[in-house]
Amino acid sequence: PIILRGQCTTVWRGGILMSLESLARYKSGVGKIIACMFLLGCLFAYLRLPSYAGKLEPLTDAQRQLSNRLRGHVSELSSVIGARSLTKSPGGLERAACYIEEKFSAAGLKPTRQSFAVSGYLNDGLFGASHATQSTANIVAEITGADGKASEVVIVGAHYDAVQDCPGANDNGTGVAALIEMAK
């Protein structure tokens, strides 16, 4: 099946950097030492590991068409629909869900919504966090395997929400775009 995952119940802010900030907050020196070792390892990898330096082959017509379709999905999600967060722009989140359902249906799939409640402290901006319970949904579509492989399962997912007040082109408009194209 192809599963498009909706809201996350855990919010990551800053990814790895947030983890390093958390480590640095500990009063013991161990957290700071681990953080420094991690940063030195990243610096070493950046300076020492080779990057691809060869000439890239030109895109085929099919690759160019795929690139244009992917760009179109990302543009629709980030520019036309825009911000899509459960706390600040639930309307954008709903428009994104409808867009995904529309694209899955156009690909011949039968999307369904797997609704669930999210309860917890939600950041509502300048004045801190408030406790709330809100509903959201995963958009699920399944492609049954063929040629004797119906019992094999592959799950592919992407979240369609974005950080508050953010168009979410990279996180995770690109993942949703790839998922839509894979569904075809």
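The structure presented is a predicted model; accordingly, all values stated were derived computationally and were not measured. Going along each chain's sequence as written, the residues are numbered from 1 onward. Residues qualify for local features only when their pLDDT is at least 70, as the model is predicted, and side-chain atom pairs are given and counted only at 80 or more; totals for whole chains, interfaces and linings, by contrast, use all residues. Hydrogens and water molecules were not included; the side-chain quantities draw on all heavy atoms of the structure.

A.B. asks: Looking at this model, I keep getting lost on a nonpolar patch on the surface. Mind explaining?
C.D. replies: On the surface, L40, L43, Y46 and L47 cluster together into a nonpolar patch covering about 500 Å² of accessible area. Note that L47 resides in helix α2 (residues 29-48). Each patch is built from residues that are more than 30% exposed by relative accessible area and take part in no salt bridge. Like charges join if they lie within 9 Å; nonpolar side chains (Val, Leu, Ile, Met, Phe, Trp, Tyr) join within 5 Å. Note on areas: these come from Shrake-Rupley sampling with a 1.4 Å probe, and a residue is covered only by the protein chains present in the view. Salt bridge, as used here, is a side-chain nitrogen of Lys or Arg placed within 4 Å of a carboxyl oxygen of Asp or Glu. Under the scheme used here, helices are H or I runs from DSSP no shorter than 4 residues and strands are E runs no shorter than 2 residues, and both carry numbers assigned from the N terminus.

A.B. asks: Is there a simple way to think about the pattern of salt bridges in this case?
C.D. replies: One side chain can pair with another of opposite charge once the charged atoms of both are near each other. Enumeration according to the criterion identifies six salt bridges in this entry. With a closest N to O distance of 3.6 Å, K88 and D165 form a salt bridge. Of this pair, K88 sits in the loop between α3 (61-81) and α4 (90-106) while D165 sits in the loop between β3 (129-141) and α5 (169-183), and the two are 77 residues apart along the sequence. For E181, the salt bridge is made with K184, and the minimal N-O distance between the two is 3.0 Å. In the salt-bridge network here, residues are joined through shared partners; they are R69, E181 and K184.

A.B. asks: Before we go on, may I ask you to explain the packing of α4 against α5 in this structure?
C.D. replies: For any two helices packed against each other, one specifies the inter-axial angle together with the distance between the axes. The N-to-C vectors of α4 and α5 enclose an angle of 20°; their axes lie 9 Å apart at closest approach. Comparing their axes, α5 and α4 come out roughly parallel. With respect to the hand of their crossing, α4 and α5 are arranged in right-handed fashion. Together, Y99, I100, K103 and F104 of α4 and V176, L179, I180 and A183 of α5 make up the contact between the two elements. Throughout, an axis means a line fitted to C-alpha atoms (over the contacting stretch in the case of helices), and angles, computed between N-to-C directions, take values from 0 to 180 degrees. Relative orientations are named as follows: roughly parallel for angles under 35 degrees, roughly antiparallel for angles over 145 degrees, roughly perpendicular for angles from 65 to 115 degrees, and oblique for any other angle. Definitions for this section: a left-handed crossing has its near helix turned counterclockwise from the far helix by less than a right angle. A right-handed crossing has that turn clockwise. Contacts are assigned to residue pairs with any non-hydrogen atoms lying within 4.5 Å of each other.

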